[in-house]
Structures are given as structure tokens and as C-alpha cells.
Amino acid sequence: MIIKTRFAPSPTGFLHIGSIRTALYSWLYARQNNGKFILRIEDTDINRTNSKYINHIFYILEWLGLTWDEGPYYQSSRYDFYKDIINLMLKNDLAYKCFCSIKRLSNLRKNYYKNSEKNIYDGFCRNKQFNYNKPYVIRFKNTSYRDSVIFNDIVYKKIKISNMILGDFIIQRSNGKPTYNLCVVLDDNNMNITHVIRGNDHINNTPKQIKIFESLQYNIPIYCHLPMILDNNKQKMSKRSGLCNMEYYINNGFLPEAILNYVIRLGWSYFNEEIFSISKMKYLFNLNKINKSPCRLDNKKMLWINKYYLSSLKYKKLLIYLKPIFEKKKISINAIDNISEIISYFCSKTFLLSEIVDYCNLFVDKKINFNYKKVKFYVSIDIYDLLVFFLKKISSNIVWNLININNLIKLSLLKFNFLNKKIIFKSLRFFITGKEETPNLSIVIYFLKKKKTILRIKNSIKYILKYFSNIIIS
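Here the structure is a predicted model, which is why all the values come from computation and not from measurement. (Residues numbered from 1 in each chain as written. Predicted model: local features only at pLDDT ≥ 70, side-chain atom pairs only at ≥ 80, totals over all residues. Heavy atoms only, no water.)

Quick look at the packing of aromatic side chains
Inference 1: Under the definition given, this model contains 30 aromatic pairs.
Inference 2: Judged by centre distance (6.1 Å) and plane angle (55°), the ring pair of F346 and F447 falls under tilted. Of this pair, F346 sits in helix α13 (residues 339-347) while F447 sits in helix α19 (residues 441-448), and the two are 101 residues apart along the sequence. As far as the burial class goes, F346 and F447 line up, both buried. (Phe/Tyr/Trp six-rings, centres within 6.5 Å; stacked < 30°, edge-to-face > 60°. Helix = DSSP H or I, 4+ residues; strand = E, 2+ residues; numbered from the N terminus. Buried < 20%, exposed > 50% of the residue type's maximum accessible area, 1.4 Å probe, protein only.)

Here it is in C-alpha cells:
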């Protein structure tokens, strides 16, 4: 038997971490068993399906390296296939048409609620022949209400759900569209899926799907329902939760290796090990070792893992990851003279790719536009004198290295010892970079190089003089 798993997202939003875990576990299990990993797009929700979400699914899986062996298959293109099976089910008395009005069903619900009973359809149309020319749904003809659906889940072990709870559930809506539970069964059977790995929010769907499998005499796949992942607020994740979807992680500069490493441990672990390469995952991962308790996102741990992978990247590969972020932030790499040296240095000092790009932006050859509201906290005669002194010293013919730059800063501290030390550092930082917070000032000046540093100080001195003249005039 060829092991076949599938990833079947609905394109109604951006993929989130929970979706990636499902895809990763399914992909790993297929790869471990020399099987097949299938991609299926469940795009039957016409009102919410969007092509940008479909393209996003492809992009994310390829970016993570979770390549699929078959597909993508689209449920929206398989309606004729579903319809044929539904007609077969009607013909073989496995389903029936239900003409009950919305009003009747509403009254039925009210009665069940009044009597504190489960809201299950009462089978009014079950064994009747109607020749109505009005809308109808098609219901699955459930059998043996006194029995239970029992299945063994890899994570949650034996699960037992009463048939009475299921009732005669709908498999085709009044608009002629088949329901999720029917489509999933027909697709899983048609694609020979052997193992269904998905979130535990689908556990309630599984008994219905098993009933359809049994009625059509299909082979029932093995189920593995994964524990819930909670976000930072201890809430269930959703596609509309910004801090959980993949766009957030990509835009902020997480690496695919780090995301996969973090995701695999959301419900599974191997002793106290933290770092897992793809090859190591393939070797060690085990569905039977998945914990059924809910797990929670830990952004600090994710940042730590990302920093690990970031610091071990070689420059050429690092640049490939950085280029899209440079482009998105409209920063020209060519406008930074010693870009490779800067990137290599900050690579080991940061947690995110976006932080590296932000640091690189400090060294772009451009005129600084000072924040006028913040300037007033730094402008004074003493600071003006400090900049003039620093300009004179840095313009002298010194060897450009960190030792000499540090000595120049120390000399400025001695010369202006009547000023607070923090004021001197903050003022130099602000008038050289335009920022109140940067990495170590000596490092910044070193990477700016002598010519650019001198130019920035000169421009700042001109700015201060203009600032003073405006005050006098006003």
C-alpha cells in the first residue's frame, strides 16, 4: 500500500501557523514512508474564496520547501463528479430529498431547545415520496440510531460518538452545492488518501465522514487529529489573526527553516532537543508521539530559533532572503557602499531579517530629514560646539578603524565633560543618523565611513544654524 497524505486548505484567508503544522506533519509522514503528498484546494465557499489566497498557498508551500507530488486539485472543478455520486446515493436509498421549509425546521429547533434536547432533524421526509416543484436539500440516510461511530485516532486514541447526535445530516444544499463532509469523503477516496492529518476542530466531522465511507463501501483512512494551537491571547487561531498568519512572519523576516523548526514542536518533541533540520525531522518525527494537550505560540522561542538560523546563514543565501525586504521597504542595496560587511556584522546581532534591513537603512547615502519636534531636545550651543569639535577631529588624517573612532568619542567626552555623558552620545547619534536609537555609535560611524560621516555632520551643523536663525527671526 502506498501511503498518501493530503493538505487541503480552503482559500478564504492567508495560511496561518496551524495550517503550516498540518502541511508539515502530512508532508513528513509521506516522505518518511516513501509515499505521496497531495495538495487539494477546497474552494467550494464561493463567496469567500479568493485567487490571491490560492496563490498564497502555492507561494508559502514552495517557500517552505513542502513540495507536493500530486495536484493541486480543485473541488470547484469536481462538481459533476460529486453530483454523480449523490444521484447514485439517492438511487441506492443511501440519501433522500428533504422538502422541509425553513419555518418547519425553525419550529423544530425551538421545540428541541425548549425540551433541552439535541437539535437533530426528525426524519419527516425520510421514507416519503414527494413530487414537489420546490427547493430541497439532500440528506444522508443515517442508519442504526442506537449505535455509535467508533474510530481509533492516532493522537486521541478511541473516540466514540453516538449516531443519534449525527442524525440525517445534509450532503447537498438547496442551491445544489454539495457539503464539505461529502466532498471530503469522495475526494479522499478518489485520491486514495490513506492518512488524514488535520486539526482537532474536525473531530466532530469525522463520524459523519466515516458514515459516508461505510455506506459507499469505501476504505476508511486512518485519522490523526492534531491538538489546538492557541495564540498569544490563549485564543484559538484564525486566518484573520494577524500575528498568526504567514504574511506576518514573512514580512518581519523569519526564515523558512526557523518556521519549520518551530512548527514541528507545536505538539511534538524529542527529549530536550530544540534544533531540527529537515533531514533530522524526517528521521525523528513520529505521529504516535504527538501530545493531545493544546499548545501555545511562544514568540520569544520563535525569535530565538530564527536567530540561530540567521547567524548560521552564508552571505549569498542571506542576500537572497533579504532582497525582497529591501525592495518592499524601497531601500536600494546599491546606495550602501559596504553592504556585505554591514550585513555580515548585523546578521549575528539580530533576530529578524527586517532588523538587518532597518540597520542597513542607516547607511544609505541620503540627506537626513530631521524630526522637527525631536530636534528641540538636542539643539543647544553646547551641542553645536560638540559637533564642530567632532568634525574637526574626525576630518584629520586618521586611520579609519574602531579603535580610533572610539578614541575620538572619548576625546569628545573629555572636552565636553560639563555635559552629561548620555547627552553627548544621544546628540552625536541623532545628528549623525537622524535616529534616537541605533546600534553602538562607534560601529555606526565605522560603517558610515569617513566621507559620509563628515558630510552628515556638516549638514547637521548647517541645520542647527538655520534652526537658531529661525528662532531669532520668530
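Here we look at the environment of L319
Inference 1: Looking at the secondary structure, you find L319 in helix α12 (residues 315-328).
Inference 2: We classify L319 as buried; its relative accessible area is 17%.
Inference 3: Separated by 111 residues in the primary sequence, L319 and K208 have C-alpha atoms spaced 50 Å apart.
Inference 4: Look past the residues within four positions of L319 in its chain and what remains in contact with it is I333 and I343. (Contact = heavy atoms within 4.5 Å.)

Side note on the sheet that holds strand β4 (residues 95-98)
Inference 1: With antiparallel pairing, the three strands of this open sheet are ordered in space as β4-β5-β8. The two strands at the open ends of the sheet, each matched to only one other strand, are β4 and β8 (170-172). Each adjacent strand pair in this sheet contributes to an overall mean axis angle of 45°, direction not counted.
Inference 2: Here strand β5 (residues 137-140) pairs with β8 via two bridges, running antiparallel. In the strand pairing of β8, I138 is matched with Q172. (Pairing = 2+ DSSP bridges. Axes fitted to C-alpha atoms, helices over the stretch in contact; angles between N-to-C directions.)

Describing the sheet that holds strand β2 (residues 36-41)
Inference 1: Pairing is parallel in the open sheet, where three strands are placed in the order β1-β2-β3. Across the chains shown, the open sheet's two edge strands, defined by having one partner strand only, are β1 (4-7) and β3 (70-74). Across this sheet, the average inter-strand angle for adjacent strands is 25°, counted without regard to direction.
Inference 2: Across four bridges, the pairing between β1 and β2 is parallel. In the strand pairing of β2, T5 is matched with F37.
Inference 3: Across the sheet, helix α1 (residues 17-32) lies against β1 and β2, angled at about 160° from β1, the strand it touches most.

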